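Descriptive analysis of the structure
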Amino acid sequence: MIITLSTVLASIVLAVVGSLTFWPVQHGYDFYKPLVLFIAGLVVILFIWWWVVALIGHCYSQTKEREKPSKNALFWLREGIIVSNHICGALCKVIGKNMLPKNERFLLVCNHVSNFDPMLLTEKLAKRELVYITKPENLKIPIGGKLMLPSCYCTINRDDPIQSLGVMNKCIKLIENDYASVAVYPEGTRHHDGQLGEFHEGVFNIAIKSKAPVVVTTIKNSNKIAKRAPRRTLTKLEIVKVIPFEEYDGMTAKALSDKVRGLMLENLAQ
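Residues numbered from 1 in each chain as written. Predicted model: local features only at pLDDT ≥ 70, side-chain atom pairs only at ≥ 80, totals over all residues. Heavy atoms only, no water.

Quick word on the overall build of the chain
Secondary structure assignment for the chain yields nine helices and seven strands. Each of the three principal axes of the chain carries a C-alpha extent, and together these read 75 × 45 × 35 Å. Burial analysis of the chain (270 residues in total) assigns 47% to the buried set. Taking contacts inside the chain between residues at least 6 apart in sequence as the whole, the part at least 24 apart equals 72%. On the chain, roughly 14100 Å² of surface is accessible, and the fraction owed to carbon and sulfur atoms is 60%. Within the chain, the 23 negative side-chain charges are centred at a point lying 7 Å from the centre of the 33 positive side-chain charges. (Helix = DSSP H or I, 4+ residues; strand = E, 2+ residues; numbered from the N terminus. Buried < 20%, exposed > 50% of the residue type's maximum accessible area, 1.4 Å probe, protein only. Contact = heavy atoms within 4.5 Å. Areas by Shrake-Rupley, 256 points an atom, 1.4 Å probe, with all protein chains shown as cover. Lys, Arg positive; Asp, Glu negative; His and termini not counted. Charge placed at Lys NZ, Arg CZ, Asp CG, Glu CD.)

Structure, rendered in structure tokens:
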């Protein structure tokens, strides 16, 4: 949000100063000049910020494993994501945010229909230090990709059971040590048609072994953002239910997976 606010303020200053000095408004039909200066300022300054975020990412090691997320990396990654959301016109209404656990880490699960899903979650839950299980290819994203490892985003290779187990254990430690909450997409891939795919039940072992609350969420309409950008697209992120450990204690990962999937199916059908 800091990047967005500073960009808007700088653009307003440019529009005012420019219309009084080097491109003065002298007649009534010159009303377009401040508007052009403001829009030009927005575009140029936002792109400068994008590259600043990318350069900051290059300052972090891409080989060193971290036990704890870097707060600076999380901050700059979040700021870059917020800017991207705004440029693409991605708006999000959040329902049930007050249900989130206030003083404990959690496992958040959500359906997956678009690349914007984690971006919207990151923006709307900005204060919750949320990290993701993601695919290795995302680390190559030019803007922000190199901030993911220092933020403790966990890359998973689904074809390597041993590596996947290591990722699960790392996520468990992040929650147990109160370093971060973890967000996962149990479908494992996007479903652009909005339908809920089958779950990979293994991810629920993160909650079971860390005894963390499971935050069940759904997102709707995010699959339309890319087609409509930069026009505004309203999406809805809903906290469907928070399942405390006491409620699923004794369940298997499969049973918990089925419970969560049922809640999500019911909500998506509304």
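Next comes the rest of the description.
What about the pattern of salt bridges?
Inspection of every chain in the model, using the stated rule, returns eight salt bridges. The shortest N-O distance in the salt bridge between Glu198 and Arg261 comes to 3.6 Å. Taken together, the residues span a long stretch of sequence, with Glu198 in the loop between β5 (181-184) and α6 (205-210) and Arg261 in helix α9 (residues 253-268) at a distance of 63 residues. According to the relative accessible area criterion, Arg261 is buried, its value standing at 18%. Between Glu247 and Lys259 there is a salt bridge, and its shortest N-O distance comes to 3.5 Å. (Salt bridge = Lys/Arg side-chain N within 4 Å of Asp/Glu carboxyl O.)

Quick notes on the packing of helix α3 (residues 71-87) against helix α4 (residues 116-124)
Two numbers describe how α3 lies on α4: the axes approach to 9 Å, and their chain directions differ by 115°. For α3 against α4, the interelement crossing comes out left-handed. In this structure, α3 contributes Arg78, Ile81, Ile82, Ser84, Asn85 and His86 to the contact, and α4 contributes Phe116, Met119, Leu120, Thr122 and Glu123. A breakdown of the residues in the contact of α3 with α4 according to their chemical character gives five nonpolar, four polar and two charged. (Axes fitted to C-alpha atoms, helices over the stretch in contact; angles between N-to-C directions. Left-handed = near helix turned anticlockwise from the far one by under 90°. Nonpolar A, V, L, I, M, F, W, Y, C, P; charged D, E, K, R; others polar.)

With respect to the packing of aromatic side chains
In total, this model carries eight aromatic pairs according to the counting rule given. A ring pair is formed by Tyr132 and Tyr153, whose centres lie 5.3 Å apart and whose planes are at 50°; its orientation type is tilted. With Tyr132 in strand β3 (residues 130-134) and Tyr153 in the loop between β3 and β4 (154-155), this residue pair connects regions lying 21 residues apart in the sequence. Ring centres of Phe245 and Tyr248 lie 5.3 Å apart, and the angle between their planes is 90°; this geometry places the pair in the edge-to-face category. Of this pair, Phe245 and Tyr248 both sit in helix α8 (residues 245-248), three residues apart, which is roughly one turn of that helix. Judged by relative accessible area, which is 16%, Phe245 ranks as buried. Under the relative-accessibility criterion, Tyr248 is labelled buried at 1%. (Phe/Tyr/Trp six-rings, centres within 6.5 Å; stacked < 30°, edge-to-face > 60°.)

Comments concerning the sheet that holds strand β2 (residues 107-110)
As summarised here, the arrangement of the seven strands in space is β1-β7-β6-β2-β5-β3-β4, forming an open sheet in which the pairing is mixed. Every other strand in the sheet has two partners, leaving β1 (90-95) and β4 as the edge strands with one partner each. Two strands pair when backbone bridges link them, and β2 and strand β6 (residues 214-220) are joined in this way by four bridges, in the parallel orientation. By the bridge assignment, Leu107 is partnered in β6 with Val214. With respect to the sheet, α4 is in contact with β1, β2, β3, β6 and β7 (233-243), its orientation differing from that of β1 by roughly 60°. Helix-sheet contacts for α9 involve β2, β6 and β7, and the interaxial angle to β6 is about 35°. (Pairing = 2+ DSSP bridges.)

Remarks on the environment of Lys259
When you line up the elements, Lys259 lands in helix α9. Spatially, the C-alpha atoms of Lys259 and Gln62 are 37 Å apart, while their sequence positions differ by 197 residues. If near-sequence neighbours (up to four positions away) are discounted, Lys259 is found in contact with Ile243, Glu247 and Met251.

A short note on α4
Taken across its nine residues, α4 has seven buried, putting it largely inside the fold. Regarding α4, the residues found buried are Phe116, Asp117, Met119, Leu120, Leu121, Thr122 and Glu123.

Considering the packing of helix α1 (residues 2-20) against helix α2 (residues 32-57)
When two helices pack together, their arrangement is given by the angle between the helix axes and the distance between those axes. Packing of α1 against α2 leaves a shortest axis separation of 8 Å and a crossing angle of 145°. Considering how the two elements wind past one another, α1 and α2 form a crossing that is right-handed. Only Pro34, Leu37, Phe38, Gly41, Leu42, Ile45, Leu46, Trp49 and Val53 of α2 make contact with α1, whose side of the interface consists of Ile3, Ser6, Thr7, Val8, Ala10, Ser11, Ile12, Leu14, Ala15, Gly18 and Ser19. The class makeup of the residues in the contact of α1 with α2 is 14 nonpolar, six polar and no charged.

A word on α3
Every α-helical turn comprises 3.6 residues, leaving residues that sit three or four positions apart pointing alike. Taking 1.5 Å per residue, 17 residues should reach 24 Å; α3 reaches 24 Å between its end C-alpha atoms and fits that length. Taken together, the buried positions of α3 are Ala73, Leu74, Leu77, Arg78, Glu79, Gly80, Ile81, Ile82, Val83, Ser84 and Asn85. Along its buried surface, α3 packs onto α1, α2, β1, α4 and β3. With its phi angle positive at about 75°, Gly89 sits one or two positions after the end of α3. (Expected span 1.5 Å × (residues − 1).)

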